[in-house]
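What the coordinates show
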Amino acid sequence: MSGQSTPVAPSAPPPPPAGRPPKVTNRGRTTVPVDSSNSETSDFPEVEYFGLPGPRGFPPLTGFLDISGVDMVKNPDEKNKVEHHTALFQSDKLIVRRGQEFQVKITFNRAYKPAEDKFAVEFVIGSSPQYSKGTYIPVFPTKERQSSWEGRIVNTADNTITMGITPKVDCVVGKYHMYVAVLTPFGVRRTVRDDSRDLYILFNPWVKDDSVFLDDEQEREECVMNEVGIIYHGAYDDIAERDWNYGQFNYGVLDACLYIMDRSEMPITNRGDPIKVTRKASAMLNSRDDEGVLVGNWSGDYTYGVSPTSWTGSTEILLTYASSKMPVCYAQCWVYAAVFNTFLRCLGIPSRVITNYFSAHDNDGNLKMDIILDDNGRIDRNRTRDSIWNYHCWNECFMSRPDLPPGFGGWQIVDATPQETSDGMYRCGPASVNAIKHGHICFPFDAAFVFAEVNSDVVFYSRSKDGTMEPVKVNRTHVGRLVLTKTPGAMTRRDITDQYKFPEGTTEERTVLEKAEEYGCHRDKSNPEVADVDLTLPTLEISVGDDFEMNLEFVNRSDERRTVDMYISGTVVYYTGVTTSEFLFRDPTVEIGPNKTVNELITVESKRYLKYLVEQANLHFIATGKIRETGQIVTAMKVVALRNPKLTVEVSATGKVNEEMVAKVQFTNPFSFSLENVYVRMEGPGLMAPKF
């Protein structure tokens, strides 16, 4: 009808992308957005007048003290970087550590007069600096007026003063900008923004009041300053080493680490707390739920990225993530741990990579890994679903834990490998190592999960035809057999198993397990009769492509003859314990006289397992059997880590600066056939970027 308008409904906002929840803002809840970006900054005005202008406007401030120049004392050989242990950073910015004095030199247009002149050095971080949040900090040169950061004049020479500044020992860690502001009767005049006056403030393990203080110089040098390291892998009885270039001081790495925290939208004000920083980073180092740094891939298909075993250092990964803003492909546990180690050391948090051999992935909290046998004693692979990783790598970082009772600070476990969710995200830790050892699995964060990784039992069940299951053997020593890290100051391994658990069978161990049960963990308490026949599988050192023999030793401890119906299975498994293919099966019957020993020899031909191999493939042998006379079950397991061809590196004559060197890499093809599409990836810390 004429004279009337048809109401139009407001258009609905566009739906969020499929699979993602809508992004929630702070509109209506806070007056300004939460400051969560270290890269965004807020420029301060060069002049701030007091009050309103007069009839002729604001008066000029040229007649008062003015700043002619600022020297950040930032060269690697100068006082600041040397005393703050930051001279190795490849950066032209000033990098210092909190809780420790650093110096800047300020040149004025005339001699500074303490009785007349007033000035302050201002530090700001983030997009909306506030004094109350600790993101805007004015530092004054006089004792009469001090802020949370201490300031003092160290030296005066002509028109230049040297000012000592001590950041608060728990201040925000990140990239700051510095201004120099002069107070006049009519207003404040400060330096214009200049990127040359940016500076980074890091955690300080050399200062006792810092929460990451580590009172061991050798450990500090290793866990903060060492740029290279060794990561252990392989098998418990055949340990292998992987060299890694952490490169925490390389150009761009510090900015990449700060970008990771920006990408996580971690509030700036939380970035001085190592507990919050490490927990957030353990989620951000994997890409499962937050588009973090690394994409995990255990499939063996690395078409769209780099094979995890090809990485030799962290620098390329971090710089690629920071520049592309996209997760980097691909990683497995040691890559996550190595890159996390770089992140922690770069920010000044002491850290080290840990390898746990026979690491249980227990996802239901019952502290047991179930292996199901049929009523003849043969393993039922369809029903056996728990996996024990041949090894698993995580990190330890050193810090105090004011959120826990006294005695539980020190080394804390953090793990970036996405295994299980914690508070809705794929992350783990920080969990106190001391809490794990003493069974306090109620303490945050994720102590129960880590406790299971080193303390689970392997329980063999016999499943009858009607579906009922009865435990027939319990192995309480298999999981968490050995925990290793690199020895400080040496290229050797260090056994730290005793830091995670008391010796098996001791009173202390039983007390710990009882305490863990008080906090809700469930452990198998069955005690099946021990068979009177012992079965042992040998330790073997086998290279890829080798034929070999496996000698099974049966020992009859009874005074009667024993007949054992055996099932011997050989499978190719990932290092995570997940089976790919069975390549060997034998079912011999073994007769053993009273108190006698019998050996059963099994021949394994390479042609049977080679076609099933996957990357980092291991051969897993499990022998199970049933004693006819008693019905008892005998079992034994062995992981054989296949050794790859050994690489040798030869370097030309002694290197000289600005002269070319030649490195020759060699290995011998162990197979009877030619290898195709072989590539070698290498890098030299401080010498050569990664090449392949």
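Quick caveat, the model's predicted, so the values are computed rather than measured. (Residues numbered from 1 in each chain as written. Predicted model: local features only at pLDDT ≥ 70, side-chain atom pairs only at ≥ 80, totals over all residues. Heavy atoms only, no water.)

The description of two helices packed together rests on the angle between their axes and the distance between the axes. Packing of helix α3 (residues 253-263) against helix α6 (residues 333-347) leaves a shortest axis separation of 10 Å and a crossing angle of 105°. In terms of orientation, α3 lies roughly perpendicular with respect to α6. Across the interface between the two elements, Val253, Leu254, Cys257, Leu258, Ile260 and Met261 of α3 pack against Thr342, Phe343, Cys346 and Leu347 of α6. Here the residues of the contact of α3 with α6 are counted per class, giving nine nonpolar, one polar and no charged. (Axes fitted to C-alpha atoms, helices over the stretch in contact; angles between N-to-C directions. Helix = DSSP H or I, 4+ residues; strand = E, 2+ residues; numbered from the N terminus. Parallel < 35°, antiparallel > 145°, perpendicular 65-115°, else oblique. Contact = heavy atoms within 4.5 Å. Nonpolar A, V, L, I, M, F, W, Y, C, P; charged D, E, K, R; others polar.)

Okay, the domain arrangement of the chain next. Interface size is often expressed as the accessible area that is lost when the parts come together. With domains assigned, the chain is organised as domain 1 (47-202), domain 2 (217-519), domain 3 (533-641) and domain 4 (647-691). Spacing between the C-alpha centres of domain 1 and domain 3 amounts to 71 Å. (Domains from an automatic or database assignment.)

According to UniProt, the feature "active site" (unreviewed entry) maps to Cys333, His392 and Asp415 in the numbering used here. Across 83 residues, the annotated set stays spatially compact, with a maximum C-alpha separation of 10.0 Å. Locating His392 in the fold gives a position in strand β18 (residues 388-399). Relative accessible area serves as the criterion here: at 0%, His392 is assigned to the buried category. By the element assignment, Asp415 lies in strand β19 (residues 410-415). (UniProt positions renumbered as here; feature names shortened; annotations may be inferred. Buried < 20%, exposed > 50% of the residue type's maximum accessible area, 1.4 Å probe, protein only.)

Attention shifts here to the packing of helix α4 (residues 274-284) against α6. At a closest axis distance of 11 Å, the pairing of α4 and α6 adopts a crossing angle of 155°. The orientation of α4 relative to α6 falls into the category roughly antiparallel. The two elements α4 and α6 meet at a crossing, and its hand is right-handed. From α4, Val277, Thr278, Ala281 and Ser282 reach across to α6, where they touch Phe340, Phe343, Leu344 and Leu347. Here the residues of the contact of α4 with α6 are counted per class, giving six nonpolar, two polar and no charged. (Left-handed = near helix turned anticlockwise from the far one by under 90°.)

What follows deals with the nonpolar core. Ranked by internal contacts, the top residues of the largest apolar core, which has 65 residues, are Leu254, Leu294, Trp334, Val335, Phe343 and Leu347. Here this core gets 12 residues from one element, more than from any other, and that element is α6. Two domains each donate at least three residues to this core, and these are domain 1 (47-202) and domain 2 (217-519). Setting aside residues up to four positions removed in sequence, Leu254 forms contacts with Phe89, Ile95, Tyr200, Leu202, Cys346 and Leu347. In terms of nonpolar packing, the next biggest core, distinct from the first, is built from 31 residues, Val533, Val564, Phe583 and Ile627 among them. (Core = buried A, V, L, I, M, F, W, Y, C linked by side-chain atoms within 4.5 Å.)

Another aspect to go through is the packing of aromatic side chains. The geometry of two aromatic rings is summed up by the distance between their centres and the angle between their planes. Inspection of the entire model under this criterion finds 26 aromatic pairs. Ring geometry for Phe102 and Phe123: centres 6.1 Å apart, planes at 85°, overall edge-to-face. Here Phe123 lies in strand β5 (residues 118-124) and Phe102 lies in strand β4 (residues 102-108), a separation of 21 residues in the sequence. Since its relative accessible area comes to 0%, Phe123 is described here as buried. Ring centres of Phe108 and Tyr112 lie 6.0 Å apart, and the angle between their planes is 25°; on these two criteria the pair is classed as stacked. Taken individually, Phe108 and Tyr112 each receive the classification buried, so the pair is uniform in this respect. Grouping aromatic residues by their ring pairs yields a cluster made of Trp298, Trp334, Trp389, Tyr391 and Tyr575. The positively charged end of Lys325 is found above the aromatic ring belonging to Tyr259, 5.1 Å away from the centroid. Against the face of Phe585 rests Arg378, its NZ or CZ located 4.0 Å from the ring centre. (Phe/Tyr/Trp six-rings, centres within 6.5 Å; stacked < 30°, edge-to-face > 60°. Lys NZ or Arg CZ within 6 Å of the ring centre and 35° of its normal.)

Okay, empty space enclosed by the protein next. Over the atoms rolls a probe the size of a water molecule, and its path tells where empty space is left. Scanning the entire structure with this criterion turns up three cavities of 30 Å³ or more. Taken as a whole, the largest cavity spans an internal volume of roughly 90 Å³. Forming the walls of the largest cavity are 13 residues, and the residues nearest its centre are Glu222, Arg345, Arg352, Thr485 and Lys486. Looking at the lining of the largest cavity, the element that brings in the most residues is helix α2 (residues 217-225), giving three residues. Within the lining of the largest cavity, the residues separate by chemical class into five nonpolar, two polar and six charged. In this structure, the second largest cavity spans a volume of roughly 50 Å³. Residue assignment for the lining of the second largest cavity shows that the elements contributing at least two residues are α7 (433-437), α8 (447-455) and α9 (507-518). (1 Å grid on protein atoms, 1.4 Å probe; cavity = no way out; pocket = protein on both sides within 12 Å on 5 of 7 lines; lining within 4 Å. Points joined across faces, edges and corners; volume = space filled by probe spheres on them.)

All right, on to the sheet that holds strand β2 (residues 67-71) then. As summarised here, the arrangement of the four strands in space is β2-β4-β8-β7, forming an open sheet in which the pairing is antiparallel. Two strands in the sheet have a free side with no partner beyond their single neighbour: β2 and β7 (150-157). Neighbour to neighbour, the strand axes of the sheet diverge by 25° on average, direction disregarded. Note: β2 against β4, four bridges, orientation antiparallel. Residue pairing across strands places Ile67 opposite Phe108, the latter belonging to β4. (Pairing = 2+ DSSP bridges.)

According to the stated counting rule, one finds 37 salt bridges in the structure shown. We note a salt bridge from Asp117 to Arg110, for which the minimum N-O separation is 2.8 Å. In this structure Asp117 comes out as buried when scored by relative accessible area, which is 9%. With a relative accessible area of 26%, Arg110 lands in the partly exposed category. Between Lys168 and Asp170 there is a salt bridge, and its shortest N-O distance comes to 3.8 Å. Residue classification places Lys168 among the partly exposed residues on the basis of a relative accessible area of 38%. One salt-bridge network, in which partners are shared between bridges, spans Asp43, Lys93, Lys175, Arg193 and Asp198. (Salt bridge = Lys/Arg side-chain N within 4 Å of Asp/Glu carboxyl O.)

Further remarks concern a nonpolar patch on the surface. Together, Leu647, Phe667, Phe673, Leu675 and Val678 line one region of the surface with nonpolar side chains, adding up to about 440 Å² of accessible area. Looking at the secondary structure, you find Leu647 in the loop between β34 (633-641) and β35 (648-651). (Patch = residues over 30% accessible without salt bridge, like charges linked within 9 Å, V, L, I, M, F, W, Y side chains within 5 Å. Areas by Shrake-Rupley, 256 points an atom, 1.4 Å probe, with all protein chains shown as cover.)

Here the focus is the sheet that holds strand β32 (residues 597-604). The three strands lie next to each other as β27-β28-β32, forming an open sheet whose pairing is antiparallel. The sheet is open, and its two edges are formed by β27 (533-536) and β32, each paired on a single side. Between one strand axis and the next, the sheet turns by 20° as a mean value, whatever way the strands run. Bridging between β27 and strand β28 (residues 548-556) involves four bridges; their strand directions are antiparallel.

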